[in-house]
Amino acid sequence: MPFLDLDGVNTPLRGDLDVAWKSVLGHGHFVGGPEVAAFEADFARYCGSGHCVGVANGTDALELILTALGIGAGDEVIVPANTFVATAEAVCTVGARPRFVDVRPDTLLVDADAVADAIGPRTAAVVAVHLYGQMVDIDRLAEVTGRHGVALIEDAAQAHGARFAGRRAGSVGVAAAFSFYPGKNLGAFGDGGAVVSDDAALAARVRLLANHGRSVTDRHVHEASGRNSRLDSLQAAVLGIKLPGLDDDNVRRRRAMERYREHLPADCVPVAQHPLAESVHHLGVVRVPDRAAATTALDAHGVGWGIHYPVPCHLQPAFADFATSACPVAEDAAGTILSLPMYPTLEIDRVDRVCAVLGEREHACR
Ligand SMILES: *Cc1c(COP(=O)(O)O)cnc(C)c1O
């Protein structure tokens, strides 16, 4: 049983995809074609935000947001210790310093109190990472960033369609970064990403920077030294075809997660959900004290699994210079978290099988 299987999502779309390939091949605008503008409009609307700029990947989306906000050398950006390295990488790439803070023991998402303690004179922004598909408690975090006047940026790479208190990921920060890496909840057939923002000027700045700083009125004038980071027409066409099915896919993930919650043995505890959060379950993460026994049992039965992430960012060699304080919750979690198979077409009987394999292990250990 695979950890992730996207055939069930992609195969029914083959007819529509064939039409899209032919259409892009026909008009020949492989970069900046009409599919890009159409998807950008659809995705902005989906997120409940005013603007979407397609970019090359999620890491670029984060970098472009930071650069467009004027964040760079001399600035500090607060990021959770428990996230994919890209969040911190983007901060380093723009020349700022990541300041790692600990996560909450229940949700493993960034702790608003730890953020409040870490804010200092050099803090320019806080990146709220909606990890595993669950949005950060945005009310508490926005209260902290608002009080201190620092920008709140969303890393929504794992949270397409997630909600907190009814508001969608991508609609609560000054800007949000999305990734369309194939394994994400909304995945392209290669790399892709987007910046979503309600701030028209900020979105325009991101668009300019992502396209070599090129003026929108005169293509031979470059207003800023930017870069090349664009979503191409084929990927935009794929995403435009997949977007209408995203909510349904997310419901199916939620059903699988509910089944896990009901049938897992007592010592495999799913990461807690905030009562106001509607997670899209990008990953099915549980905490299990004896992880080695669990993974041995899963391996023996051919069940795929993952760990997200085994080494917290502040303990990665790449960020050794920025490991200014311990993050005990993230460090403890790194040793006990386990990601179980999770994808929209994961059948209930497969979930039951994973639960049974883990249950037998518990039995065998006693
Ligand atoms: C995937 C991911 C990214 C980076 O996205 P890419 O498209 O792979 O560059 C950033 N942050 C988080 C939390 C992610 O999961």
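Residues numbered from 1 in each chain as written. Predicted model: local features only at pLDDT ≥ 70, side-chain atom pairs only at ≥ 80, totals over all residues. Heavy atoms only, no water.

## So, the packing of aromatic side chains
Filter applied, for reference: Stacked, edge-to-face and tilted labels apply to pairs of Phe, Tyr and Trp rings (six-membered ring for Trp) whose centres lie within 6.5 Å, assigned for plane angles under 30 degrees, over 60, and everything in between, in that order. Helix and strand definitions follow DSSP, with helices as H or I runs of at least four residues and strands as E runs of at least two, each counted in order from the N terminus. Residue burial is assigned from relative accessible area. The probe radius is 1.4 Å, only protein chains are included, and a residue is buried under 20% of its type maximum, exposed over 50%, and partly exposed in between.
One pass over the full model with this rule turns up eight aromatic pairs. Here phenylalanine 39 and phenylalanine 43 contribute two aromatic rings whose centre-to-centre distance is 5.5 Å and whose plane-to-plane angle is 20°, an arrangement assigned as stacked. Placement of the pair is phenylalanine 39 and phenylalanine 43 together in helix 3 (residues 34-47), with a separation of four residues, close to one helical turn. Judged by its relative accessible area of 0%, phenylalanine 43 falls in the buried class.

## Looking at the site of the ligand
Note the cut-off: Proximity criterion: a residue is near a molecule or strand once any of its heavy atoms comes within 4 Å of it. Distance and chemistry together define a polar contact, namely a pair of N or O atoms within 3.5 Å, with one atom able to donate a hydrogen and the other to accept it when in protein, and with adjacent residues in sequence counting only for side-chain atoms on both sides. Areas reported as accessible are Shrake-Rupley estimates using a 1.4 Å probe. Residue values count occlusion only from the protein chains shown.
Inspection of the region around the ligand gives 13 residues, with Gly58, Thr59, Asp155, Ser179 and Lys184 positioned closest. Between the ligand and the protein, one listed contact pairs a nitrogen atom with a side-chain N or O atom of aspartate 155 at 2.8 Å. Glutamine 158 is positioned with one of its side-chain polar atoms (N or O) 2.8 Å from an oxygen atom of the ligand. Contact with the protein chains removes 92% of the 380 Å² of surface that the ligand exposes when unbound.

## Let's talk about helix 9 (residues 233-242)
Our working definition: Working rule for contacts: check all heavy atoms of both residues, and any pair within 4.5 Å makes them a contact.
The buried count for helix 9 comes to eight of 10 residues, which makes it a mostly enclosed element. Burial in helix 9 covers these residues: Ser233, Gln235, Ala236, Ala237, Val238, Leu239, Ile241 and Lys242. On its buried face, helix 9 sits against helix 1 (7-10), helix 2 (14-27), helix 3 and helix 10 (246-263). For helix 9, the N-terminal cap is aspartate 232; the gap from its side-chain oxygen to the backbone nitrogen of leucine 234 is 3.1 Å.

So yeah, pure geometry; function would need other evidence.
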